[in-house]
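Letter by letter, the chains look like this.
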Amino acid sequence: MADSSWFTSFPELDRKDLTTVKKTLDGAYREFSRNYGELIESFFDPLLSFLVWFEKLLLASPWWLTIGVILAVVYSATRSWKLCTGVFASLIAIGFFGMWDDTMRTLSVITVCTILSIVIGVPTGILMSRSNRMQSIITPILDIMQTMPAFVYLIPVVMLLGIGKIPGVIAVIIYAVPPVIRLTNLGIRLVDKEIMEAATSFGATNTQKLFGVQLPLAMPTIMAGINQTIMMALAMVVVASMIGVKGLGQPVLKSITNQYFTLGLLNGLAIVALAIIFDRVSQAYAKRSQKHLGNRHD
């Protein structure tokens with residue numbers, strides 16, 4: 001009779017044994033946090049200092065100067081007055097509705113997260129493109145990073161580093177970095193083999209082929225990865241606000257808990273405006289750089 005239960009109910013670990021396993025793992029991670037938490041925290045002190053400085057810089061700068069610098073960056077990347085006009089109108093609307101400070105805080109976090117994601121993601125993508133073995137090792141890790149619910153990232157990070165900017169940045173990077181890694185790998189692998197053979201026949205070294213041929217030709221695909229990374233980083237803003245990251249996410253979280261529809265809508269639209277600005281600028285830059293590359297080859 002006992003054997004027949006295998007056909008009707010799934011065989012599972014005894015509840016007492018399962019509790020023991022969970023307690024053992026939790027205890028081991030807590031012990032790790034106590035022993036190495038401060039050391040790991042001190043490792044991120046320079047990043048925290050830069051984050052605080054950059055946020056204070058954006059908040060202390062006159063609004064007109066900040067908008068001027070942003071428009072200069074947008075124009076230098078896109079050469080589009082139409083896009084500059086749209087960015088200007090969006091920033092003016094954000095400031096007019098009293099969301100300027102929160103937007104600057106979010107902009108500082110997203111900018112730092114994007115830079116770090118590129119610094120981590122592009123070399124990792126290059127490494128994957130050079131070795132099929134590395135690709136087979138890293139791809140499952142990226143699958144886990146992309147499919148794991150965002151809230152799960154917060155648990156180990158908060159246990160290890162507490163609440164604040166650095167845990168939020170780490171959680172955002174873990175969530176947002178996979179697209180730039182995947183698309184850097186894909187872009188380099190899609191470079192025509194005949195072009196690589198021609199570069200080899202002219203005596204180019206591996207470094208020259210990478211920086212002179214592969215990366216320029218893969219740039220549109222890499223820029224698409226960076227674009228997706230920025231979008232995913234912005235999507236994590238509200239989640240990161242739960243662990244003390246100030247910005248547009250905190251008013252949205254407040255509106256959920258207190259049922260303030262208008263507050264949530266306005267701050268949500270501000271996040272959308274930032275996402276559209278980043279999206280259009282990165283896409284326009286990718287198209288312009290590819291056109292320039294095409295003209296150079298012609």
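Residues numbered from 1 in each chain as written. Predicted model: local features only at pLDDT ≥ 70, side-chain atom pairs only at ≥ 80, totals over all residues. Heavy atoms only, no water.

Quick look at the overall build of the protein chain now. For the protein chain, the count of helices and strands is 15 helices and zero strands. The burial tally for the protein chain puts 38% of its 298 residues in the buried class. Restricting the contact set of the protein chain to residue pairs at least 6 apart, pairs at least 24 apart contribute 76%. Positive and negative side-chain charges in the protein chain, numbering 24 and 18 respectively, have mean positions lying 8 Å apart. (Helix = DSSP H or I, 4+ residues; strand = E, 2+ residues; numbered from the N terminus. Buried < 20%, exposed > 50% of the residue type's maximum accessible area, 1.4 Å probe, protein only. Contact = heavy atoms within 4.5 Å. Lys, Arg positive; Asp, Glu negative; His and termini not counted. Charge placed at Lys NZ, Arg CZ, Asp CG, Glu CD.)

A few words now on the packing of helix H11 (residues 193-201) against helix H12 (residues 206-235). Axis separation between H11 and H12 bottoms out at 11 Å; the angle between their running directions is 160°. With respect to H12, the axis of H11 lies roughly antiparallel. In this structure, H11 crosses over H12, and the sense of that crossing is right-handed. Contacts from Ile195, Met196, Ala199 and Thr200 in H11 reach Lys209, Val213, Gln214 and Leu217 in H12. (Axes fitted to C-alpha atoms, helices over the stretch in contact; angles between N-to-C directions. Parallel < 35°, antiparallel > 145°, perpendicular 65-115°, else oblique. Left-handed = near helix turned anticlockwise from the far one by under 90°.)

The interhelical angle for the contact between helix H10 (residues 178-189) and H12, taken along N-to-C directions, is 155°, at an axis separation of 7 Å. In terms of their interaxial angle, H10 and H12 are classed as roughly antiparallel. Relative to H12, the crossing made by H10 is right-handed. Counted together, Pro179, Val180, Leu183, Thr184, Leu186, Gly187 and Ile188 of H10 and Leu210, Gln214, Leu215, Ala218, Thr221, Ile222, Ala224, Gly225, Ile226, Gln228, Thr229 and Met232 of H12 form the full contact between these two elements. Considering only residue class, the contact of H10 with H12 consists of twelve nonpolar, seven polar and no charged. (Nonpolar A, V, L, I, M, F, W, Y, C, P; charged D, E, K, R; others polar.)

Membership of the largest hydrophobic core comes to 71 residues, with the highest contact counts inside it found for Val74, Val169, Leu234 and Met236. When neighbours within four sequence positions are excluded, Val74 is seen to be in contact with Arg79, Leu83, Cys84, Val87 and Val281. (Core = buried A, V, L, I, M, F, W, Y, C linked by side-chain atoms within 4.5 Å.)

Counting across every chain of the model gives eight aromatic pairs. Ring plane angle 80° and centroid distance 5.3 Å describe the contact between Phe43 and Phe44, whose orientation is recorded as edge-to-face. Their ring planes at 85° and their centres at 5.6 Å tell us that Phe96 and Phe97 sit as a pair that is edge-to-face. Among the aromatic residues, ring-to-ring pairing joins Tyr29, Phe32 and Tyr36 into one connected group. (Phe/Tyr/Trp six-rings, centres within 6.5 Å; stacked < 30°, edge-to-face > 60°.)

What follows is about the pattern of salt bridges. Under the definition given, this model contains six salt bridges. Residue Glu55 pairs with Arg105 through a salt bridge whose shortest N-O separation is 3.7 Å. With Glu55 in helix H3 (residues 45-60) and Arg105 in helix H6 (residues 100-130), this residue pair connects regions lying 50 residues apart in the sequence. The residues Glu55 and Arg105 share a single accessibility class, namely buried. With its nearest N and O atoms 2.3 Å apart, the salt bridge here joins Arg280 to Asp279. A relative accessible area of 40% places Arg280 in the partly exposed class. The class of Asp279 is buried, set by a relative accessible area of 11%. Salt bridges sharing common partners tie together Glu55, Asp102, Arg105 and Lys165. (Salt bridge = Lys/Arg side-chain N within 4 Å of Asp/Glu carboxyl O.)

This brings us to the side chain of Glu55. Given the relative accessible area of 10%, Glu55 is considered buried. When residues no more than four places from it in sequence are discounted, the contact partners of Glu55 are Arg105, Ser108 and Lys165.

Taken over all residues, the pLDDT of the protein chain has a mean of 86, while the share at 70 or more is 95%. Element-level mean pLDDT values for the protein chain span from 71 in helix H1 (residues 5-8) up to 93 in H10. (pLDDT = per-residue confidence, 0-100.)

With respect to the helices, strands and loops of the structure, Tyr153 is situated in helix H8 (residues 150-161). Between the C-alpha atoms of Tyr153 and Met99, which are 54 residues apart in sequence, the distance is 28 Å. The residues contacting Tyr153, other than those within four sequence positions of it, are Ile144, Met145, Gln146, Met148, Ala171, Ile174 and Tyr175.

Right, let's get into the environment of Ala273. Its place among the elements puts Ala273 in helix H15 (residues 261-297). Remark: the alpha-carbon pair of Ala273 and Ile226, spanning 47 residues in sequence, is separated by 18 Å. When neighbours within four sequence positions are excluded, Ala273 is seen to be in contact with Ser90 and Ile94.

Let us look at H3. With 16 residues, H3 extends 22 Å from end C-alpha to end C-alpha; this agrees with the ideal 22 Å at 1.5 Å per step. On its buried face, H3 is in contact with helix H4 (63-78), H6 and helix H9 (165-176). (Expected span 1.5 Å × (residues − 1).)

To continue, consider the side chain of Ser108. Following the sequence through the fold, Ser108 ends up in helix H6. Look at Ser108 and you get buried, because its relative accessible area is 1%. From its side chain, Ser108 meets the backbone oxygen of Arg105 in a polar contact 2.6 Å long. Ignoring anything within four residues of it in the chain, the contact list for Ser108 reads Leu51, Phe54, Glu55 and Leu58. (Polar contact = N/O pair within 3.5 Å; in protein donor to acceptor, adjacent residues only side chain to side chain.)

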